[in-house]
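Tertiary structure, described
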Amino acid sequence: MISAGETFGDLKVVEYVGQKKSSSISKHESSHYLCECDCGKTIEVNEPSLVYKIVKNCGCSKFRKRTRSKSK
Ligand SMILES: [Zn+2]
């Protein structure tokens, strides 16, 4: 069980949402949590994805690649 305030990567758990199917192909339901990403966006993530660190942010991290200065 995850409690509000716990953090997983860039995500901070805001509240428990409820039991939901994690995807259209999955047959079983899992606990979903509303999480706030470091960037301020909120997403719903299921418990296994948080616990096993499958989802660590809202998807914004790929846009946050370290860009090195090109100036010589
Ligand atoms: Zn984000």
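Residues numbered from 1 in each chain as written. Predicted model: local features only at pLDDT ≥ 70, side-chain atom pairs only at ≥ 80, totals over all residues.

**Observations concerning the overall build of the protein chain**
- Helix and strand counts for the protein chain stand at one helix and four strands.
- Seen in sequence order, the protein chain has helices and strands lined up from the N terminus as β-β-β-β-α.
- The buried share of the protein chain, reckoned over its 72 residues, is 12%.
- Considering only intrachain contacts with a sequence separation of at least 6, the fraction spanning at least 24 residues in the protein chain is 30%. (Helix = DSSP H or I, 4+ residues; strand = E, 2+ residues; numbered from the N terminus. Buried ≥ 20, exposed ≤ 12 C-beta atoms within 10 Å, placed from the backbone. Contact = placed C-beta atoms within 7 Å.)

**Section: the pairing of strand 4 (residues 42-46)**
- For strand 3 (residues 29-36) and strand 4, the ladder comprises five bridges, and the chain directions are antiparallel. Looking across to strand 4, one finds that L34 is bridged to E44.
- As consecutive antiparallel partners, strand 3 and strand 4 are separated by five residues, and within that stretch G40 has a phi angle of approximately 105°, a positive value. (Pairing = 2+ DSSP bridges.)

**Quick word on the environment of V14**
- By secondary structure assignment, the location of V14 is in strand 2 (residues 11-21).
- The exposure class of V14 is partly exposed, given the 14 C-beta atoms found within 10 Å.
- Setting aside residues up to four positions removed in sequence, V14 forms contacts with A4, L34, C35, E36 and T42.

**Side note on the sheet that holds strand 4**
- The four strands lie next to each other as 1-2-3-4, forming an open sheet whose pairing is antiparallel. Of all the strands in the sheet, just strand 1 (7-8) and strand 4 have a single pairing partner and so form its edges.
- Pairing geometry for strand 1 and strand 2, over two bridges, is antiparallel. Of the residues in strand 2, the one forming a bridge with F8 is L11.

**Thoughts on the nonpolar core**
- One finds F8, L11, Y33, C35, C37, V45 and L50 forming the largest nonpolar core, which totals seven residues.
- Once residues lying within four places of it in the same chain are set aside, the contact partners of L11 are C35, E36, C37, V45, L50, K56 and N57. (Core = buried A, V, L, I, M, F, W, Y, C linked by C-beta atoms within 7 Å.)

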